[in-house]
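# Coordinates in review
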Amino acid sequence: MSSELIGIIVATVALGGALVPGQRAMRSEISDIRKDIADLRERMARLEGLFEGFTNAAPILRNGK
C-alpha cells in the first residue's frame, strides 16, 4: 500500500469517528424535541376543550339582555 492510500484511510476513519457521536447526539436531541411537541399538543388539546366548554356554557346576550 502506498502512503497516500494509508493517509486516505486514516483520514476517513478519523472523520467517521468525529461524525458518528455528533449524529447520535443530534438524534437524541430530536427525540427530546418530539416528546416536548407531543406534550405541548396534549396541553393545547386540553386548553381547547376547556375553552369550548366555556364558550358553550356562557349565556348568549342579545339586545343587551
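Read on for an overview of the structure. Computed from a predicted structure; not experimentally measured. (Residues numbered from 1 in each chain as written. Predicted model: local features only at pLDDT ≥ 70, side-chain atom pairs only at ≥ 80, totals over all residues. Heavy atoms only, no water.)

### Observations concerning the overall build of the protein
Regarding its fold elements, the protein presents one helix and zero strands. For the protein, with 65 residues in total, the buried portion stands at 0%. Carbon together with sulfur atoms contributes 63% to the accessible area of the protein, which is approximately 6,300 Å² in total. (Helix = DSSP H or I, 4+ residues; strand = E, 2+ residues; numbered from the N terminus. Buried < 20%, exposed > 50% of the residue type's maximum accessible area, 1.4 Å probe, protein only. Areas by Shrake-Rupley, 256 points an atom, 1.4 Å probe, with all protein chains shown as cover.)

### Things to note about a nonpolar patch on the surface
Taken together, the side chains of Met 1, Leu 5, Ile 6, Ile 9, Val 10 and Val 13 make up a nonpolar region of the molecular surface, amounting to roughly 610 Å² of accessible area. Mapped onto the secondary structure, Val 13 falls in helix H1 (residues 3-57). In this structure Val 13 comes out as exposed when scored by relative accessible area, which is 59%. (Patch = residues over 30% accessible without salt bridge, like charges linked within 9 Å, V, L, I, M, F, W, Y side chains within 5 Å. Salt bridge = Lys/Arg side-chain N within 4 Å of Asp/Glu carboxyl O.)

### Quick look at the environment of Met 1
If you trace the backbone, Met 1 turns up in the segment before H1. Not counting the four nearest positions on each side in its chain, Met 1 is found in contact with Ile 6 and Ile 9. (Contact = heavy atoms within 4.5 Å.)

### Thoughts on a negative patch on the surface
On the surface, Glu 29, Asp 32, Asp 36, Asp 39 and Glu 42 cluster together into a patch of negative charge. Along the chain, Glu 29 falls in helix H1. (Lys, Arg positive; Asp, Glu negative; His and termini not counted. Charge placed at Lys NZ, Arg CZ, Asp CG, Glu CD.)

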